[in-house]
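What the coordinates show
Letter by letter, the chains look like this.
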Amino acid sequence: MRLFWELTLLAVRRQLTYRAATLAGLMTNLFFGLLRAVVLMALYGAREEVAGMTVQDAITYTGLTQAAIAYLSIFGWYDLMDSVYTGQVGADLLKPLGYFRFWLALDLGRALVALVTRGLSILLLYALVVDLTVPQGMVQWMGLAAALFLSWLVSFGWRFLVNLASFWTPNARGIGRFAFGSAWVLSGFFMPLRFFPQWFIDLSHLTPFPSMVNTVIEVYLGLLQGPALLQALAVQLAWAAALALLCSLVLRAGLGRLVIQGG
Amino acid sequence: MLARTKVEQIITWWRFHLTIYRRLIGVQIRAQMEYRAAFLLEVFATMTTLFLFFLALALVLQRFGNLGGWRLGEVAFLWGTVEMSFGLMDLIFSGFDPGRFGQRVRRGTFDQLLLRPVNITVQVLGDEFVLRRLGHVFQGVAIFALAVYLADIQWTLGKILYLPWVVIGLICFFGGLFIMGATITFWTVESIEVVNILTYGGSEMMQYPMHIYPDWLRRIVTYIVPAIFLNYYPALYFLDRPDPFHLPAFAPFLSPVIGVGTLLLALAFWRFGIRHYQSTGT
């Protein structure tokens, strides 16, 4: 376990060195967030509330999703694939930690830094410009913390799984683009899932994607309370476990097929 | 006689560089077609992923009815023209993609291009030709076709003749933004993510009717980066909608002028950048 935390700390330090990139990314996220807020406001028109979300909730939603981009690597994550292409994977597999936990530790460090530098600061900048909805009460804050942690676990499981495709094909980036692109819509990142027709919501809930973004948002906005909140967290936990299991199965199958490139 | 040799020189110049360009992208197309199944799969994947975004907007719009008074077909008109033009631009100007070009400058591989006795602009143009971007173009065409079907456009000869010019205007405009973004990396070295606000942000903004944006933002895209004339004003003309901002009646027809103007301006900036370029030494 000590090795795990040391790797996490290493990733934190590495991530903290990209200061200029963080600032530029922050401005870009903010710009796109406000652009999306304008579009949602135009959709609302004269309406006060749609599907249980007020205009203020909808604006907050755009801030929350922009804040989640770096934390959950929503635009895609190809670090593991790259390590396969460069041959680095050979050395990483020898680490006395297990391949899944090795990347988990690194991604935890990356995600923690992103959560603070990109996530939190976006919301603070947002708060300067618009009225934000804020979670109310101890229960909701605790629910939010749990949902945030689980969303990262689910997201990591999915990203790890997609990246494992590089054990089989040198064309895994294409698969990745498709996999991460679908998550854009089905996770509720593109638009709040509640705005979709019921059949689409049902469809999305057959996938792990809502557990990545939508649950966190609904917990934050207070749209899930009591048993519904607990159920959503349980679903997140179940997906995290299922994906971790799937990852270990696929990893075992993949190790036999792995072709180490270059080096 | 003197004038004639001048013309001949220009023709030879163009012929030579067109051959170079054809060869540069020919090699890449052959390489990318090497694994035909993988290539087709990528085109299909790009197309369906991007189309999913539009489908999501369509489903949400169904619930809300309209977006700033525009219905699905009308928004699709904006979305389709922007997406097909951006896709085509990306196919042609990929070598100038600020992110990728910045990497070239950083690694010093740009210097290799400078050493070759061939026009540098042609080389960068032919440097990256990502054929799978066709998926992006197809997706734009599909959405545009949907717009034509849904929006009940009253086609006239003028509209049919003008349509290709709108696409050309948009391609030149986005291409110009790519070139300016690439040129900036000569000084910043770091490919700056802020440039994305201009390119990808601009294209995203143009997918929606411009009257939904706050006044200050709309003034910027009217008078500073005149993106509003590239597809919003043409859309008003194609969809027979009144102009909410009461600009002169020729406003919808500025698209090719502003598009080509942006590209020429960008090329001038690019030449200036090349003259002042100092290698990173890597």
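I will try to describe carefully the structure that is included in this document. (Residues numbered from 1 in each chain as written. Chains lettered and ligands numbered in written order. Predicted model: local features only at pLDDT ≥ 70, side-chain atom pairs only at ≥ 80, totals over all residues. Heavy atoms only, no water.)

Quick word on the overall build of chain A
- The helix and strand tally for chain A stands at 11 helices and 2 strands.
- Helices and strands in chain A line up, N terminus first, as α-α-β-β-α-α-α-α-α-α-α-α-α.
- Each principal axis of the C-alpha distribution contributes one length, and for chain A these read about 60 × 40 × 35 Å.
- Out of the 263 residues in chain A, the part that is buried amounts to 56%. (Helix = DSSP H or I, 4+ residues; strand = E, 2+ residues; numbered from the N terminus. Buried < 20%, exposed > 50% of the residue type's maximum accessible area, 1.4 Å probe, protein only.)

Focus on helix H3 (residues 55–71) of chain A
- Taking 1.5 Å of rise per residue, the 17 residues of H3 of chain A would be expected to cover 24 Å, and the 25 Å separating its terminal C-alpha atoms lies within 8% of that figure.
- Within H3 of chain A, 15 of the 17 residues are buried, which leaves it mostly tucked inside the rest of the structure. (Expected span 1.5 Å × (residues − 1).)

Things to note about the packing of aromatic side chains
Residue and element names in this part refer to chain B.
- Under the counting rule described, the total for this entry stands at 56 aromatic pairs over all chains.
- Between Phe86 and Tyr200 the ring centres are 5.5 Å apart and the planes differ by 50 degrees, which places this aromatic pair in the tilted class. Taken together, the residues Phe86 in helix H3 (residues 72–93) and Tyr200 in helix H9 (residues 195–205) connect sequence positions 114 residues apart.
- Residue Phe86 is classed as buried on the basis of its relative accessible area, which comes to 2%. (Phe/Tyr/Trp six-rings, centres within 6.5 Å; stacked < 30°, edge-to-face > 60°.)

Quick word on the interface of chain A and chain B
- Facing the 34 residues of chain A at the interface are 33 residues of chain B.
- Across the interface of chain A and chain B, roughly 2,900 Å² is buried in total on both sides, 76% from carbon and sulfur atoms.
- At the boundary of chain A with chain B, the tally comes to 1 salt bridge.
- Its salt-bridge partner being Glu42 of chain B, residue Arg177 of chain A comes within 2.6 Å of it at the nearest N-O pair.
- At the boundary of chain A with chain B, the tally comes to 4 residue pairs in polar contact (both at pLDDT 80 or more).
- Of the residues belonging to the side of chain A that touches chain B, the class tally is 23 nonpolar, 6 polar and 5 charged. (Contact = heavy atoms within 4.5 Å. Buried area = accessible area lost by both parts, 1.4 Å probe. Salt bridge = Lys/Arg side-chain N within 4 Å of Asp/Glu carboxyl O. Polar contact = N/O pair within 3.5 Å; in protein donor to acceptor, adjacent residues only side chain to side chain. Nonpolar A, V, L, I, M, F, W, Y, C, P; charged D, E, K, R; others polar.)

Regarding the pattern of salt bridges
Residue and element names in this part refer to chain A.
- Tallying each qualifying case throughout the model produces 15 salt bridges over all chains.
- Among the ionic pairs, Asp82 bridges to Arg173, the shortest N-O distance being 3.3 Å. Here Asp82, found in helix H4 (residues 79–86), pairs with Arg173, found in helix H8 (residues 172–186); they are 91 residues apart in sequence, far enough to count as distant.
- Note that Glu218 and Arg194 form a salt bridge whose closest N and O atoms lie 2.8 Å from each other. Of the two residues, Glu218 sits in helix H10 (residues 214–220) while Arg194 sits in the loop between H8 and helix H9 (198–204), which places them 24 residues apart along the sequence.
- For Glu218, a relative accessible area of 10% translates into the label buried.
- Using a relative accessible area of 24% as the deciding quantity, one classes Arg194 as partly exposed.
- Taken together, the salt bridges that share partners define one network made up of Asp107, Arg110 and Arg159.

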